[in-house]
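Letter by letter, the chains look like this.
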Amino acid sequence: MGFFYLFNKDLREIWRNGRLFKKYRKLVIAAFSTFNVVLIYTVISAVTVITYDKIIDYSFLAPQGREYSLVEIVKINTGVYGKGRPSLFKHSKGDFFYIIELNDGTKIDLTQVGGVKNDEDERFVIEKLDIQLVNMGIPKQSSMKNFEYSKKGLAKVYTDKIRNILENMK
C-alpha cells in the first residue's frame, strides 16, 4: 500500500482527504483490532516452563501446553554467537546460547527466558540445570570458539558461569 501511495497521485489525494478511511472505517478498525488481538495472544502464550523434572512448552498452537520429561531431551548445543550484525531476528556477537533439542525435534533456547524464579540470573539457573542434564548422560555439544566476545559486555561473575557451562562435559 505504501509503495502505491508514493507513486499514485490519485491514491495520495484520496488518503489526504480522508475519503479512504471514511469509506472503509469499520473494515480498517476490525482488521486492526483482530491483528492486534492475535499478535498479543501470540506473544503472551509463547512460554516455556522448566521445573526440576519436566518441561512445559506453551505456544500459539498448543495453548494447553506440551509436557516433556527431562529424559526426552536428546541433545544440548551450547556456545557463544560469533560474527554477525545484530538485528531484530539475529543474535549479537558475544551472546550466549543454550539450546536443548527434544525427541520430537522441538528446540528451546534457555537463554531466551522471560523470567526466573526469585529473580536469579538465568546463567546461574542454566548452570545448575546443565550439571543435572550432563549427569543424566544427555549428549552435549559445546564450543568455546567465540567465548572471548562475551567478555566485552559482561561482568566476570557472568562470564565465569558461561565458562563453567561450556566446559562442563562428562
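Residues numbered from 1 in each chain as written. Predicted model: local features only at pLDDT ≥ 70, side-chain atom pairs only at ≥ 80, totals over all residues. Heavy atoms only, no water.

Some points on the sheet that holds strand 3 (residues 66–69)
Right, on to step 1. On the basis of which strands lie adjacent, the open sheet formed by 3 strands has the order 1-2-3 and antiparallel pairing. Single-partner strands in this sheet number two, and they are strand 1 (47–50) and strand 3. Ignoring strand direction, the axes of neighbouring strands in this sheet form an average angle of 15°. (Pairing = 2+ DSSP bridges. Helix = DSSP H or I, 4+ residues; strand = E, 2+ residues; numbered from the N terminus. Axes fitted to C-alpha atoms, helices over the stretch in contact; angles between N-to-C directions.)

Description of the side chain of K140
Right, on to step 1. For K140, the position within the fold is in strand 7 (residues 140–142).
Right, on to step 2. Engagement of the side chain of K140 in a polar contact is seen with the side chain of D130, the distance being 2.9 Å.
Right, on to step 3. There is a polar contact of 2.4 Å between the side chain of K140 and the backbone oxygen of I165.
Right, on to step 4. Residue contacts for K140: discarding those within four places in its chain leaves I76, T78, D130, V134, I165, N168 and M169. (Polar contact = N/O pair within 3.5 Å; in protein donor to acceptor, adjacent residues only side chain to side chain. Contact = heavy atoms within 4.5 Å.)

Side note on a positive patch on the surface
Right, on to step 1. A contiguous patch of positive charge on the surface is contributed by K83, K93, K145 and K152.
Right, on to step 2. Structurally, the position occupied by K83 is in the loop between strand 4 (73–80) and strand 5 (96–102).
Right, on to step 3. Take K83: its relative accessible area is 77%, and that puts it in the exposed class. (Patch = residues over 30% accessible without salt bridge, like charges linked within 9 Å, V, L, I, M, F, W, Y side chains within 5 Å. Areas by Shrake-Rupley, 256 points an atom, 1.4 Å probe, with all protein chains shown as cover. Salt bridge = Lys/Arg side-chain N within 4 Å of Asp/Glu carboxyl O. Lys, Arg positive; Asp, Glu negative; His and termini not counted. Charge placed at Lys NZ, Arg CZ, Asp CG, Glu CD. Buried < 20%, exposed > 50% of the residue type's maximum accessible area, 1.4 Å probe, protein only.)

Topic: the confidence of the model for the protein chain
Right, on to step 1. Taken over all residues, the pLDDT of the protein chain has a mean of 79, while the share at 70 or more is 79%.
Right, on to step 2. No element of the protein chain has a lower mean pLDDT than helix 1 (residues 2–7), which averages 50, and none a higher one than strand 4, which averages 90. (pLDDT = per-residue confidence, 0-100.)

Remarks on the pairing of strand 4
Right, on to step 1. In the sheet, strand 4 pairs with strand 5 via 7 bridges, with the strands oriented antiparallel. Following the sheet pairing, V80 is matched in strand 5 by F96.

Overview of the environment of T34
Right, on to step 1. Within the fold, T34 resides in helix 4 (residues 25–45).
Right, on to step 2. A distance of 2.8 Å separates a polar side-chain atom of T34 from the backbone oxygen of A30.

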